[in-house]
Amino acid sequence: MAISSYLAFALLAGAMLPIQFGINAQLATWVGGSIRAAFVSFVVGAAALLVAVLVAQRGLPDRAGDAPWWVWIGGVLGAFYVLGSIVTVLLNLYFNGAA
C-alpha cells in the first residue's frame, strides 16, 4: 500500500472524530448516559474490528501472549478518550442551552 493511501486514511479518520463525538453524544441520550454510550460504542466497534481481523488477518498472532502487560493499556486509554469526548459534547450542549 502506498504512503499516500495511509495518509488519506489518516486524514479521513481524523475528519470522522467530530462526527463520532456527535453521534456518541446522541447515543448517550438514547441509552441513558455517557458511560453506557461509550460501552455501546466500544461493543459495536469491537464487533466491526472482529470482522476486519477475521477477513483481513485470518486469526490472531501467536506472540500476543508474550507482550508486556503495559501494552494492553491502550484499550483503557481509548475508553477514557471516547467517554471524555461524549462528556465534553454533552457539557457543551448543556452550557449552550441545547440539551
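Computed from a predicted structure; not experimentally measured.

What about a nonpolar patch on the surface?
- A grouping of Trp69, Trp70, Val71, Trp72, Ile73, Val76 and Leu77 is seen on the molecular surface, where their side chains present a nonpolar patch of about 820 Å² in accessible area.
- If you trace the backbone, Val71 turns up in the loop between α2 (34-57) and α3 (73-95).
- On the basis of relative accessible area, Val71 is assigned to the partly exposed category, the value being 37%.

Digging into the confidence of the model for the protein
- On average, residues of the protein carry a pLDDT of 87, and 96% of them reach 70 or more.
- Within the protein, α3 has the poorest average pLDDT of any element, 88, and helix α1 (residues 3-31) the best, 91.

Quick notes on the nonpolar core
- Grouped together as the largest cluster of nonpolar side chains are five residues: Ala28, Ala37, Ala38, Val82 and Ile86.
- Counting residues per element, the ones that place at least two in this core are α2 and α3.
- Beyond its immediate stretch of four places on either side in the chain, Ile86 contacts Asn24, Ala25, Ala28, Ser34, Ala37 and Ala38.

A word on the packing of aromatic side chains
- Under the counting rule described, the total for this entry stands at two aromatic pairs.
- Aromatic side chains Tyr94 and Phe95 sit 5.2 Å apart centroid to centroid with 75 degrees between the ring planes, which places their arrangement in the edge-to-face category.
- Judged by relative accessible area, Tyr94 falls into the exposed class, the value being 56%.
- Residue Phe95 is classed as exposed on the basis of its relative accessible area of 65%.

What counts and what doesn't
Residues numbered from 1 in each chain as written. Predicted model: local features only at pLDDT ≥ 70, side-chain atom pairs only at ≥ 80, totals over all residues. Heavy atoms only, no water. Patch = residues over 30% accessible without salt bridge, like charges linked within 9 Å, V, L, I, M, F, W, Y side chains within 5 Å. Areas by Shrake-Rupley, 256 points an atom, 1.4 Å probe, with all protein chains shown as cover. Salt bridge = Lys/Arg side-chain N within 4 Å of Asp/Glu carboxyl O. Helix = DSSP H or I, 4+ residues; strand = E, 2+ residues; numbered from the N terminus. Buried < 20%, exposed > 50% of the residue type's maximum accessible area, 1.4 Å probe, protein only. pLDDT = per-residue confidence, 0-100. Core = buried A, V, L, I, M, F, W, Y, C linked by side-chain atoms within 4.5 Å. Contact = heavy atoms within 4.5 Å. Phe/Tyr/Trp six-rings, centres within 6.5 Å; stacked < 30°, edge-to-face > 60°.

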